[in-house]
Amino acid sequence: MMQMPRRDLSRSNAQFRRAVQRLPLGVSSTFRYWGEDRTIYLAEGKGGRIRDIDGNHYVDYRLGYGPAILGYADNRVDAAARRGMEVGGVFALSTERELAVADRIAKMVPSAELVRFSNSGTEAVMGALRLARAYTGRESYLLVEGGYHGLFDAAMWQADVEGWDAGSNADPEVVPYGKGIPPTVRKLAHLVPMNDMQRLEDTFRRHGDQLAAMLIEPIQGNCCAISARAEYVQLARKLCDQYGVLLIIDEVKTGFRVAKGGVQSLLGVRPDISTFAKAMGNGYPIAVITGRADVMRCFRCGGASHGGTYTAHSVSLAAAEACLRILDETPALATLADYGARLKTGVSSILDARGIVHSYTGHDSMFGLFFAAEPPDNYRAWKTSDYSFYDQMAYFLHDLGVICEPDSREPWFMCEAHGLDPACLTDTLKAVETAVDLTLEHLETAEKAS
Ligand SMILES: Cc1ncc(COP(=O)(O)O)c(C=O)c1O
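The residue numbers shown here count from 1 along each chain, following its written sequence. With pLDDT at 70 or above as the cut-off, local features in this predicted model cover only qualifying residues; side-chain atom pairs require 80 or more to be listed or tallied, and sums for whole chains, interfaces and linings still use all residues. With hydrogens and water stripped out, all remaining heavy atoms of the structure feed into the side-chain values.

(A) Looking closely at the overall build of the protein chain. A helix here means a DSSP run of H or I that spans at least four residues, while a strand means a run of E at least two residues long, and both kinds are numbered starting from the N terminus. If you tally the helices and strands in the protein chain, you get 15 helices and 16 strands. Projected onto its principal axes, the C-alpha coordinates of the protein chain cover approximately 70 × 60 × 45 Å. Residue burial is assigned from relative accessible area. The probe radius is 1.4 Å, only protein chains are included, and a residue is buried under 20% of its type maximum, exposed over 50%, and partly exposed in between. Expressed as a percentage of its 450 residues, the buried residues of the protein chain come to 55%. Any two residues whose heavy atoms approach within 4.5 Å are treated as being in contact. Of the contacts formed within the protein chain by residues at least 6 apart in sequence, a portion of 73% connects residues at least 24 apart. Accessible surface for the protein chain amounts to roughly 19,400 Å². Of this, 51% is attributable to carbon and sulfur atoms. For the purpose of counting charges, residues Lys and Arg are taken to be positive, whereas Asp and Glu are taken to be negative. His and the chain ends are not included. Taken as the charge location is NZ of Lys, CZ of Arg, CG of Asp or CD of Glu. Positive and negative side-chain charges of the protein chain, numbering 48 and 56 respectively, have mean locations separated by a distance of 5 Å. Residue exposure ignores everything except the shown protein chains as possible cover, and the areas themselves are Shrake-Rupley values with a 1.4 Å probe.

Here's what the structure looks like:
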């Protein structure tokens, strides 16, 4: 029997017991709650690593769900943010830096003819959908199963793949992400399985003339990094043109990560609107809605409403200016993608040595690990994977000093600092090897017991 890894979480556990008296689940986002005994509270993050309040150190592959593209507490971005602080916060008026950042985005992303700032991915996608409705005068929209576009009612409809019988001919039921989402909103949302060309054509044939937008996340950052084939997104482009529907590419996770010009540049598809957030500010809250000039000009008095007290906040804007300059002018994205490729090679050699069949989805900078010979090409196919192996392995990895998402649907994220810290790879692979062996032993014991 291998020895079980142990972490002292006594301070985090005590903090949880206090916090839960004041904060629902003891946290500020439901996804940060990992159970009474395993919810951790952080002291700090630096580069690709974090430290909890018990003094446990981790190599982190969640990176706040992607924003820390350069690494936590990046000196270059933080120095810029401090200069932003001196500007004075928000004024309910504009500053010159907005144009400088918008020009940088337009240089990096050819479809970004005009730019509007927002504070979060949710706000940006919400604004993008409103813009599409304003432009087309239509209300319905098309979502792709497994996609995630933020916490607003219109986007919170998902295919219930977990409750679905994969052997049946029926589609998974479309259900809300939890309570509080009005069923009346449901009738405006249509869902299609990713990479199914026939279904896409059929759906446009039936509903195309009522759709304002098709919203797609071509690398599904909340669904194992399952990826759209280029021909699928190209077909979506063609059908959108044919039916007068606006194509919105949600680059909240992929933007300024998988390529300077986002996933759209890898696919060779020009959306009408796209949304960016996370990586653009290395963690400072900032997002953008960008797109075709004629569409974007619907943001005007008497047109589509958009604004908000904190939009283009001087601190976030200064951080974004520095972060985007680094991403545009230095090899940071190549460094982190190269690290991801080396990490995958290392993990594969551990799994191959034990005869564990696996594959990867997504991009070297954000990838999903999948325990089947072929990666899934849509959310329905994810169901056929044995994710119990992943779940158990992730549990052990946390104890061994590597933080990955406990849910197999969240990809692993790379940052520049991982690639610049030679010990990150060796520390991670050492932990992965132990976690894999512990998982094998655990599953074998469980099987014997059953
Ligand atoms: C693709 C995508 N769109 C939108 C959002 C919402 O962004 P935020 O959490 O900043 O509101 C997310 C968040 O993970 C996302 O991954």
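(B) Focus on unusual backbone geometry. Of note in the backbone geometry, Asn 195 takes a positive phi value of approximately 70° without being a glycine. Take Asn 195: it is sitting in the loop between strand E8 (189-192) and helix H6 (197-207). With a relative accessible area of 6%, Asn 195 lands in the buried category. The backbone of Phe 256 sits at a positive phi, close to 55°, despite the residue not being glycine. Here Phe 256 lies in the loop between strand E10 (246-251) and helix H8 (262-267). The class for Phe 256 is buried, based on a relative accessible area of 0%.

(C) Seen up close, the side chain of Arg 38. With respect to the element layout, Arg 38 can be found in the loop between helix H1 (10-19) and strand E1 (42-46). Contacts described as polar in this section are N or O atom pairs within 3.5 Å, which, within protein, must combine one atom able to donate a hydrogen with one able to accept it, while residues neighboring in sequence count only if both atoms come from side chains. A distance of 2.9 Å separates a polar side-chain atom of Arg 38 from the backbone oxygen of Tyr 395. Contacts of Arg 38, omitting those with residues within four sequence positions, involve Arg 7, Leu 9, Asn 13, Tyr 395, His 398 and Asp 399.

(D) How the structure looks around the site of the ligand. Near, as used in this document, describes a residue that has one of its heavy atoms within 4 Å of the molecule or strand being considered. In the region of the ligand, the neighbouring residues are Ser 120, Gly 121, Thr 122, Tyr 148, His 149, Gly 150, Glu 217, Asn 222, Asp 250, Val 252, Lys 253 and Lys 278. The backbone of Gly 121 places a nitrogen or oxygen atom 2.8 Å from an oxygen atom of the ligand. In the environment of the ligand, an oxygen atom lies 2.5 Å from a nitrogen or oxygen atom belonging to the side chain of Thr 122. Alone, the ligand offers 390 Å² of accessible surface; in the complex the protein occludes 84% of this. Residues of the shell around the ligand, tallied by class, amount to 2 nonpolar, 6 polar and 4 charged. Gly is placed with the polar residues, together with every amino acid not listed as nonpolar (Ala, Val, Leu, Ile, Met, Phe, Trp, Tyr, Cys and Pro) or charged (Asp, Glu, Lys and Arg).

(E) Region of interest: the state of the cysteines. Cysteine sulfur atoms that pair up within 2.5 Å are treated as a disulfide. Within the structure shown, the criterion is met by 0 disulfides. Unpaired in this structure, Cys 224 has its nearest cysteine sulfur neighbour in Cys 223, at a distance of 6.6 Å. Sulfur of Cys 298: no disulfide; nearest cysteine sulfur belongs to Cys 301 and is 13 Å away. Taking relative accessible area as the criterion, Cys 298 reaches 10% and is therefore assigned buried.

(F) Expanded view of the environment of Gly 307. Relative to the helices and strands, Gly 307 is located in the loop between helix H9 (293-296) and helix H10 (314-329). Exposure remark for Gly 307: the relative accessible area of 35% places this residue in the partly exposed category. Distance in space between the C-alpha atoms of Gly 307 and Gly 262 is 25 Å, their sequence separation being 45 residues.

(G) The arrangement of the packing of aromatic side chains in detail. Put simply, two rings from Phe, Tyr or Trp (the six-membered ring, in Trp's case) pair if the centres are within 6.5 Å, and we call them stacked under 30 degrees between planes, edge-to-face over 60, tilted for the rest. A full pass over the atoms with the stated rule returns 12 aromatic pairs. Taking 5.7 Å as the distance between ring centres and 45° as the angle between the ring planes, the aromatic pair formed by Phe 204 and Tyr 243 counts as tilted. In this pair, Phe 204 is assigned in helix H6 and Tyr 243 in helix H7 (residues 230-243), connecting sequence segments 39 residues apart. We classify Phe 204 as buried; its relative accessible area is 0%. Judged by relative accessible area, which is 22%, Tyr 243 ranks as partly exposed. Grouped by ring-pair contacts, the aromatic residues Tyr 61, Tyr 339, Tyr 360, Phe 367 and Trp 412 constitute a single cluster. Comment: the charge-over-ring label is applied if NZ (Lys) or CZ (Arg) is within 6 Å of the ring centre and within 35 degrees of the ring normal. One residue, Arg 38, lies across the ring of Tyr 395, its end atom 3.6 Å from the ring centre.

(H) Just the nonpolar core, in detail. Of all hydrophobic cores here, the largest spans 73 residues; its most connected members are Leu 131, Tyr 141, Leu 200, Phe 204, Met 214, Ile 216 and Ile 273. When residues of this core are assigned to domains, at least three map to each of domain 1 (9-72 + 331-449) and domain 2 (75-329). Contacts of Leu 131, omitting those with residues within four sequence positions, involve Ile 273, Ile 289, Val 295, Met 296, Cys 298, Phe 299 and Ala 304. Each nonpolar core is a collection of buried residues, namely Ala, Val, Leu, Ile, Met, Phe, Trp, Tyr and Cys, held together in the definition by side-chain atoms within 4.5 Å. Formed by 60 residues, the second largest nonpolar core is a distinct cluster that contains Ala 279, Leu 327, Ala 394 and Met 414. Residue ranges for the domains trace back to a domain assignment, done automatically or taken from a database.

(I) Region of interest: the sheet that holds strand E16 (residues 412-413). Any two strands with at least two DSSP-identified bridges between them are counted as paired. Pairing is antiparallel in the open sheet, where 3 strands are placed in the order E13-E14-E16. One side of each edge strand has no neighbouring strand; the edge strands of this open sheet are strand E13 (359-363) and E16. With 2 bridges joining them, strand E14 (residues 366-370) and E16 adopt antiparallel strand pairing. Directly across from Met 366, in E16, lies its bridge partner Phe 413. Its contacts with the sheet put helix H11 (residues 332-353) on E13, E14 and E16, and the angle it makes with E14 is roughly 10°. Axis geometry follows a simple rule: fit a line to the C-alpha atoms, using only the stretch in contact for helices, then measure angles between N-to-C directions, giving values from 0 to 180 degrees.

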